[in-house]
Amino acid sequence: MKQRKRTVIYTVIGLLVALVHIIPFYILLTVSFKDLRDMSSKWLFPGYGFTGNFVSAWQNAHLGRAFLNTGVITVMSVVLILIFGSLAAFPLARYQSRLNKWVYGIFVSALIVPPLTILVPLYKLFVDIGFMNTYFGIVLLHVTFQLSMAIFLYTSFIGTIPRELDEAAMIDGATKTGMFFRIILPLLKPVTATIVIMNANSIWNDYQFSLFFLQKPDSRTITVALSSFFGENSAQIGWIAAGSLMAAIPSILVYILLQKYFVDGIAAGAVKG
């Protein structure tokens with residue numbers, strides 16, 4: 001009886017949490033498909049098919065270019081994070097010397113540094129070296145601030161892989177490099193999926209870096225492009241909702257494709273730190 005009561009309570013709590021997340025998305029849908037002249041409640045889904053908000057948002061915010069910019073920045077950043085993160089984590093997890101522990105501690109401690117605290121000196125540095133409004137500059141920023149978490153997760157995950165596999169590979173004549181690429185790397189799929197989802201979502205939705213370091217209209221990302229719909233005296237809510245809905249689709253697709261690995265990567269990465 002107690003178990004059944006506990007199950008009911010957990011189910012109700014789960015439904016309430018799900019409802020909290022579903023309601024904003026539902027309102028986003030209703031506003032996206034409503035004519036700007038429609039003053040009815042946002043809780044009521046329109047009884048007509050109106051796609052003008054999507055067309056207006058795409059044209060007025062130049063979302064085609066913004067999608068291209070955001071996609072290039074996200075893909076380049078995530079690929080570099082995966083490469084550098086996995087390569088750095090392997091020796092930190094397998095060869096725990098005093099120096100490696102010190103280096104690992106630096107990476108972990110970097111997680112507590114808020115990016116906004118060093119935004120002003122970063123901005124001045126980028127102006128001085130000519131990295132403003134460039135893919136390379138913004139990618140470098142994202143990789144710098146996201147790499148610590150990737151190394152932390154990769155190191156923790158590799159620590160759960162039995163060392164007997166390393167010894168067997170060494171007996172077969174594999175070098176340390178070959179051992180990493182042939183033995184360790186194929187086992188990193190769960191944590192790699194976790195890192196891809198976390199970083200791709202964060203970089204795709206980034207606003208603070210994009211606002212300060214990508215100021216030219218041709219280099220704007222989606223978040224900055226959509227912010228142009230907010231004016232001093234008015235805001236094109238329908239256009240913003242439609243644009244936000246389009247911007248969310250890639251993140252949703254990535255999560256759907258990689259979700260089966262996501263939980264495994266989080267759970268395994270938390271076993272050892």
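Residues numbered from 1 in each chain as written. Predicted model: local features only at pLDDT ≥ 70, side-chain atom pairs only at ≥ 80, totals over all residues. Heavy atoms only, no water.

## What about the environment of Val-127?
For Val-127, the location among the structural elements is in helix H5 (residues 119-129). A C-alpha to C-alpha distance of 9.0 Å links Val-127 and Phe-213, two positions 86 residues apart in sequence. (Helix = DSSP H or I, 4+ residues; strand = E, 2+ residues; numbered from the N terminus.)

## Re unusual backbone geometry
At His-62, a position not held by glycine, the phi torsion is positive, near 50 degrees. The residue His-62 is located in the loop between helix H2 (52-60) and helix H3 (63-94) in this model. On the basis of relative accessibility, which here comes to 57%, the residue His-62 falls in the exposed class. For Asn-133, which is not glycine, the phi dihedral falls at a positive 60 degrees. With respect to the helices and strands, the residue Asn-133 is situated in the loop between H5 and helix H6 (135-158). Among the residues examined, Asn-133 registers a relative accessible area of 23% and is labelled partly exposed. (Buried < 20%, exposed > 50% of the residue type's maximum accessible area, 1.4 Å probe, protein only.)

## Some points on the environment of Ser-202
Within the element layout of this structure, Ser-202 appears in helix H9 (residues 189-204). As for Ser-202 and His-142, which are separated by 60 residues in sequence, their C-alpha atoms are 9.3 Å apart. Within the structure, the side chain of Ser-202 is placed 3.3 Å from the side chain of Gln-146, a separation counted as a polar contact. (Polar contact = N/O pair within 3.5 Å; in protein donor to acceptor, adjacent residues only side chain to side chain.)

## Details of the environment of Leu-82
Mapping Leu-82 onto the fold places it in helix H3. For Leu-82, a relative accessible area of 18% puts it in the buried group. Taking C-alpha positions, Leu-82 is 9.9 Å from Ala-193, a pair spaced 111 residues apart along the chain. Not counting chain neighbours up to four residues away, the residues in contact with Leu-82 comprise Tyr-154, Thr-192, Ile-195 and Val-196. (Contact = heavy atoms within 4.5 Å.)

## A look at the packing of aromatic side chains
All chains considered together, the criterion is met by 13 aromatic pairs. Judged by centre distance (5.2 Å) and plane angle (50 degrees), the rings of Phe-90 and Phe-180 are tilted. Of this pair, Phe-90 sits in helix H3 while Phe-180 sits in helix H8 (residues 176-184); the two residues are 90 residues apart in sequence, bridging distant segments of the chain. There is no split in this pair, since Phe-90 and Phe-180 are both buried. Ring centres of Phe-126 and Phe-131 lie 5.7 Å apart, and the angle between their planes is 85 degrees; this geometry places the pair in the edge-to-face category. Each residue in the set Tyr-123, Phe-126, Phe-131, Phe-136, Phe-145, Phe-209 and Phe-213 is aromatic and connected to the rest through ring pairs, giving one cluster. Residue placement shows Lys-176 over the ring face of Tyr-95; its charged tip is 4.8 Å from the ring centre. (Phe/Tyr/Trp six-rings, centres within 6.5 Å; stacked < 30°, edge-to-face > 60°. Lys NZ or Arg CZ within 6 Å of the ring centre and 35° of its normal.)

## Looking at the nonpolar core
Ile-138, Leu-188, Ile-195 and Phe-213 are the most contacted members of the largest nonpolar core, which has 35 residues in total. Elements that contribute at least two residues to this core include exactly H3, H5, H6, H8, H9 and helix H10 (208-213). Top element by residues in this core is H6. It accounts for nine residues. Those residues in contact with Phe-213 that sit more than four places away from it in its chain are Leu-119, Leu-122, Tyr-123, Phe-126, Met-132, Asn-133, Ile-138 and Leu-141. (Core = buried A, V, L, I, M, F, W, Y, C linked by side-chain atoms within 4.5 Å.)

## Observations concerning the confidence of the model for the protein chain
Taken residue by residue, the protein chain gives an average pLDDT of 85. The fraction at 70 or more is 93%. For the protein chain, the element scoring lowest by mean pLDDT is helix H12 (residues 237-269), at 78; H3 scores highest, at 94. (pLDDT = per-residue confidence, 0-100.)

## Description of the layout of surface pockets
Considered as a void within the structure, the largest pocket measures approximately 350 Å³ in volume. Lining the largest pocket are 18 residues, and of these Ala-110, Val-113, Thr-144, Phe-145 and Gln-146 sit closest to its centre. Only H5, H6 and H9 provide two or more residues apiece to the lining of the largest pocket. For the lining of the largest pocket, the element with the highest residue contribution is H6, accounting for seven residues. (1 Å grid on protein atoms, 1.4 Å probe; cavity = no way out; pocket = protein on both sides within 12 Å on 5 of 7 lines; lining within 4 Å. Points joined across faces, edges and corners; volume = space filled by probe spheres on them.)

## Focus: H2
All of the buried residues in H2 are Asn-53, Phe-54, Ser-56 and Ala-57. Summarising the axial view, the buried residues of H2 lie within an arc of 165 degrees, below the 170-degree limit, and thus occupy one face. The positive-phi residue at the C-terminal boundary of H2 is His-62, with phi of around 50 degrees. (Arc of directions from axis to C-beta.)

## Side note on a nonpolar patch on the surface
On the surface, a nonpolar cluster with roughly 600 Å² of combined accessible area is contributed by Val-75, Val-79, Ile-83, Phe-84, Leu-87, Phe-181 and Leu-185. Examining the composition of the nonpolar patch, we find that five residues originate from one element, H3, more than from any other. (Patch = residues over 30% accessible without salt bridge, like charges linked within 9 Å, V, L, I, M, F, W, Y side chains within 5 Å. Areas by Shrake-Rupley, 256 points an atom, 1.4 Å probe, with all protein chains shown as cover. Salt bridge = Lys/Arg side-chain N within 4 Å of Asp/Glu carboxyl O.)

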